[in-house]
Amino acid sequence: MVAETRLAPEDFVYPMFVVEGENVRHEVKSMPSVHQLSLDRLVDEAGAVHAAGVPSVILFGIPNTKDATGTTGYDPEGIVPRAIARLKKELPGLNVWADVCLCEYTDHGHCGLLTAEGEVDNDTSLPLLARAARVYAEAGADAVAPSDMMDGRVRAIRNELDGAGLDQIPVISYAAKYASAFYGPFRDAADSAPTFGDRRAYQMDPPNVREALAEVTLDIEEGADMVMVKPAGPYLDIIRAVRETVSVPVAAYQVSGEFSMIHAAAQNGWIDLRRTALESLVGIRRAGADLILTYFAKDAADWLREG
Ligand code: PBG
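A quick note: this is a predicted structure, and the numbers were derived from the prediction, not measured.

**Looking at the site of the ligand**
By nearness alone, 18 residues border the ligand, and Lys177, Arg187, Lys230, Ser256 and Tyr295 come closest of all. The side chain of Ser147 places a nitrogen or oxygen atom 3.1 Å from a nitrogen atom of the ligand. In the complex, 100% of the free accessible area of the ligand, which totals 410 Å², lies under the protein chains. Split into classes, the residues belonging to the shell around the ligand amount to nine nonpolar, three polar and six charged.

Laid out in structure tokens, this is it:
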């Protein structure tokens, strides 16, 4: 009765990895309970997540082919547009968000195009990211969430969507996304590790708070409808500072490393999985997050219902 913070299934967004093929349910070794799923299996799993009370999923695509410009990322026949259409057809009440980034689709694994010198080319990447966002929205996505961290991509995406008559589709910006070691397991799941270098030229520097607030403010000026902080647990102060600075909803992404560490320690018998997971999630809510993207979404929803 006197709890100051509540945690409920409707606070969660479940990230899902979709692959080509039929009847594929391939476990991600570094992320217990998380699978790469083909379209048919995706529908089953998303249906179970939705039935558990989780209103939204966010999709990441793993294409069969990759190239220097990430063509399969903005192909209307690509894996993510097909997954969106299928989910919206079979589970119309489920909110489907599409992550927008090139790293799963480029052969070099960076989040944008490269210059001849092998540097990430911010400005030439923008039209392709905007195109990907439009293709996903046209396929039926309820929201698009750019995670690439190129400067100016929120405006580019907003303009492209508005120009295509998709002005009602919200842009959820990964506004404060840090260059984090906690993304390790995700890069296995999404097969998106850069083949050279790292992402420090476009993702944020962990010691900085004011820079996060500047990024968030810029993204809102460019038209972001919701902003995200990522990772979540090691950045609770950033979540709090962003919550106190902006008026749009704030989401936080409990990333793969945060999730897998809790599982690994629990597998060793060092901590209790359920209690630790729920405590990590309530801490993120207490810090000020309105929504949490988490791989615990379904389990946590079940645990909360069991009481
Ligand atoms: C990039 C992207 C990443 C994550 C979400 N979108 C990885 C990265 O920036 O390398 C990480 C999510 C996680 O670790 O769970 N498209």
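What follows continues from the structure just given.
**A look at the nonpolar core**
Formed by 110 residues in total, the largest nonpolar core has its most connected members in Phe17, Leu59, Leu87, Trp97, Tyr136, Val227 and Tyr253. Ranked by residues supplied to this core, first place goes to helix α3 (residues 122–138) with nine residues.

**So, the packing of aromatic side chains**
For the coordinates displayed, the defined rule picks out ten aromatic pairs. With 6.4 Å between their ring centres and 45 degrees between their planes, Phe296 and Trp303 make a pair best called tilted. Accessibility expressed as a relative area gives 0% for Phe296, which makes it buried. The class of Trp303 is buried, set by a relative accessible area of 13%. Feature note: the residues Phe17, Phe60, Tyr174, Phe186, Tyr253, Phe259, Tyr295, Phe296 and Trp303 constitute an aromatic cluster, connected by ring pairs. In this arrangement the basic side chain of Lys177 is found over the ring face of Tyr183, its NZ or CZ atom lying 5.5 Å from the centre. Taking NZ or CZ as reference, Lys230 lies 4.8 Å from the ring centre of Tyr253, over its face.

**Things to note about the pairing of strand β5 (residues 95–100)**
Within β5, five of the six residues are buried, which leaves it mostly tucked inside the rest of the structure. Pairing of strand β4 (residues 56–62) with β5 involves four bridges; the strand directions are parallel. Bridge pairing in β5 links Ser56 to Asn95. Crossover β4 to β5 through helix α2 (residues 79–90) is right-handed. Pairing between β5 and strand β8 (residues 143–146): four bridges, direction parallel. Within β8, the position partnered with Asp99 by the bridge is Ala145.

**What about the packing of helix α8 (residues 256–267) against helix α9 (residues 273–287)?**
Where α8 contacts α9, the two axes come as close as 9 Å, and the packing angle between them is 155 degrees. On the basis of the axis angle, α8 is roughly antiparallel to α9. Considering only the axes of α8 and α9, their crossing is right-handed. On the side of α8, the interface is formed by Ile262, His263 and Ala266, while α9 contributes Leu273, Thr276, Ala277 and Ser280.

Cut-offs applied
- Throughout this description, residue numbers start from 1 for each chain and increase along the sequence as written.
- Totals for whole chains, interfaces and linings use all residues, but because this is a predicted model, local features are given only for residues with pLDDT of at least 70 and pairs of side-chain atoms are given and counted only at 80 or more.
- Excluded from the side-chain calculations are hydrogens and water; all other atoms, namely the structure's heavy atoms, are used.
- Whether a residue is near a molecule or strand is decided by its heavy atoms; if any one of them lies within 4 Å of it, the residue is near.
- Under this definition, polar contacts are N or O atom pairs within 3.5 Å; protein pairs additionally need one hydrogen-donor-capable and one acceptor-capable atom, and for neighbouring residues in sequence, both atoms have to be side-chain atoms.
- All accessible areas in this document rest on Shrake-Rupley with a 1.4 Å probe, and a residue is counted as covered only by the protein chains that are shown.
- In this count, Pro and Cys sit with the nonpolar residues alongside Ala, Val, Leu, Ile, Met, Phe, Trp and Tyr, while Asp, Glu, Lys and Arg are called charged and the others, Gly among them, polar.
- Side-chain atoms within 4.5 Å link the members of a nonpolar core, which is a set of buried Ala, Val, Leu, Ile, Met, Phe, Trp, Tyr and Cys residues.
- Accessibility here uses a 1.4 Å probe with only protein chains present; expressed as a share of the type maximum, an area under 20% marks a residue as buried, one over 50% as exposed, and anything in between as partly exposed.
- Here a strand is any run of E in DSSP of at least two residues, a helix any run of H or I of at least four, and the numbering for each starts at the N terminus.
- We call Phe, Tyr and Trp rings a pair once their centres come within 6.5 Å, taking the six-membered ring for Trp, and we label the pair stacked below 30 degrees between planes, edge-to-face above 60, and tilted otherwise.
- By the criterion adopted, a ring carries a charge over it if an Arg CZ or a Lys NZ lies within 6 Å of its centre and within 35 degrees of its normal.
- By this definition, two strands are paired if DSSP reports at least two bridges between them.
- Assignment of crossover handedness uses the view with strands pointing away from the viewer, where a clockwise path from the first strand over the helix to the second indicates a right-handed crossover.
- Helix axes are fitted to C-alpha atoms over the stretch in contact, other axes to C-alpha atoms as well, and angles between N-to-C directions run from 0 to 180 degrees.
- Any angle that falls under 35 degrees is termed roughly parallel, while one over 145 is termed roughly antiparallel, one within 65 to 115 roughly perpendicular, and all others oblique.
- Handedness of a helix crossing follows the sense of rotation of the near helix relative to the far helix, less than a right angle counterclockwise being left-handed and clockwise being right-handed.
- Note on contacts: a residue pair qualifies if any of its non-hydrogen atoms lie within 4.5 Å across the two residues.

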